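Understanding the architecture of this molecule
Now for the letters of each chain:
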Amino acid sequence: MFMRIDHVGIACHDLEERIAFFQRTFDLTVVAREINEEQGVKEAMLRISDGQGGGSYIQLLEPLGPDTPVGKFLAKRGEGVHHVAFGVPDVARALEEVGSRGVRLLDETPRHGSMGSSIGFLHPKDVGGMLTELVQAAEGQPETT
Ligand code: V0V
Ligand code: CO
């Protein structure tokens, strides 16, 4: 079902500061930035590698407010790894399959994700404590801009 690790999502208080750290420390490059109102985040994608069907990235996440998934996470746990996202060929189908295997879906149907992707989240309590995201990359990935 999984083709790759699409991204690791990292919660931070200050997106610009965290981007600068990852750039100067690991020589990573920002390839996309987005404000996603529905998810309550301002985010940046830093490319690690390209691959067939999509690349792999670090996703830095700053909450748009305290009453958002990342805002609540920061208040409760502080900065750090927020979720792990796996690349799948068909996210709607993957959600359906995983749901039928007894894992609670936070999204019954795919939502809009970074860089035109379609995404869906699984409940962390049903995945051994790891908030898990399934990602179907946009057509035409990997992007090279
Ligand atoms: C909460 N819990 C976590 C967790 N967040 N465990 C591991 N990792 C996390 N990130 C635990 C929490 O400690 C509780 O355990 C339990 O789950 C229920 O949490 P809660 O605090 O009662 O509930 P909420 O209201 O904080 O909601 C948690 C969930 C929420 C996971 C349901 O954050 C959610 O719906 N997330 C999905 C959307 C999201 O995260 N969007 C932001 C990324 P105890 O204390 O009861 O043991 S957007 C993104 O990645 C995009 C756009 C993209 O990739 O393109
Ligand atoms: Co994500």
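Residues numbered from 1 in each chain as written. Chains lettered and ligands numbered in written order. Predicted model: local features only at pLDDT ≥ 70, side-chain atom pairs only at ≥ 80, totals over all residues. Heavy atoms only, no water.

What follows is about helix α3 (residues 91-100). Here α3 has its buried residues at V91, A94, L95 and V98. Angularly, the buried residues of α3 cover 100° about the axis, an arc narrow enough to put them on a single face. Away from its buried face, by an angle of more than 90 degrees, α3 presents the exposed residues R93, E96 and S100. The elements touched by buried residues of α3 are β7 (118-122) and β8 (132-136). (Buried < 20%, exposed > 50% of the residue type's maximum accessible area, 1.4 Å probe, protein only. Helix = DSSP H or I, 4+ residues; strand = E, 2+ residues; numbered from the N terminus. Arc of directions from axis to C-beta. Contact = heavy atoms within 4.5 Å.)

Of the volumes computed, that of the largest pocket is approximately 920 Å³. If you go around the largest pocket, you meet 45 residues; those closest to its centre are P69, H82, H83, F121 and L131. When contributions to the lining of the largest pocket are tallied by element, the ones reaching two or more residues are β1 (4-11), β3 (41-49), β4 (56-63), α2 (69-77), β5 (80-87), β7 and β8. When residues of the lining of the largest pocket are assigned to their parent elements, the largest contribution, six residues, is made by α2. Within the lining of the largest pocket, the residues separate by chemical class into 19 nonpolar, 15 polar and eleven charged. (1 Å grid on protein atoms, 1.4 Å probe; cavity = no way out; pocket = protein on both sides within 12 Å on 5 of 7 lines; lining within 4 Å. Points joined across faces, edges and corners; volume = space filled by probe spheres on them. Nonpolar A, V, L, I, M, F, W, Y, C, P; charged D, E, K, R; others polar.)

A word on the site of ligand 1. The full set close to ligand 1 counts 22 residues, and Q39, R77, S114, K125 and E133 are the nearest of them. K72 is positioned with one of its side-chain polar atoms (N or O) 2.9 Å from an oxygen atom of ligand 1. Within the contact set of ligand 1, an oxygen atom lies 2.7 Å away from a side-chain nitrogen or oxygen of E133. Most atoms of ligand 1, that is more than half of them, are within 2 Å of grid points of the largest pocket. Breaking the shell around ligand 1 down by element, the ones donating at least two residues are α2, β5 and β7. (Near = heavy atom within 4 Å. Polar contact = N/O pair within 3.5 Å; in protein donor to acceptor, adjacent residues only side chain to side chain. Sits in = over half its atoms within 2 Å of the grid points.)

Before going further, it helps to spend a moment on the nonpolar core. I10, C12, L15, I19, F22, L28, A44, L46, I58 and L60 together form the largest nonpolar core, which totals ten residues. By residue number, the principal contributor to this core is helix α1 (residues 15-26), which donates three residues. If we ignore the near neighbours within four places in the chain, the residues touching L28 are F22, Q23, L46, R47, I48 and I58. (Core = buried A, V, L, I, M, F, W, Y, C linked by side-chain atoms within 4.5 Å.)

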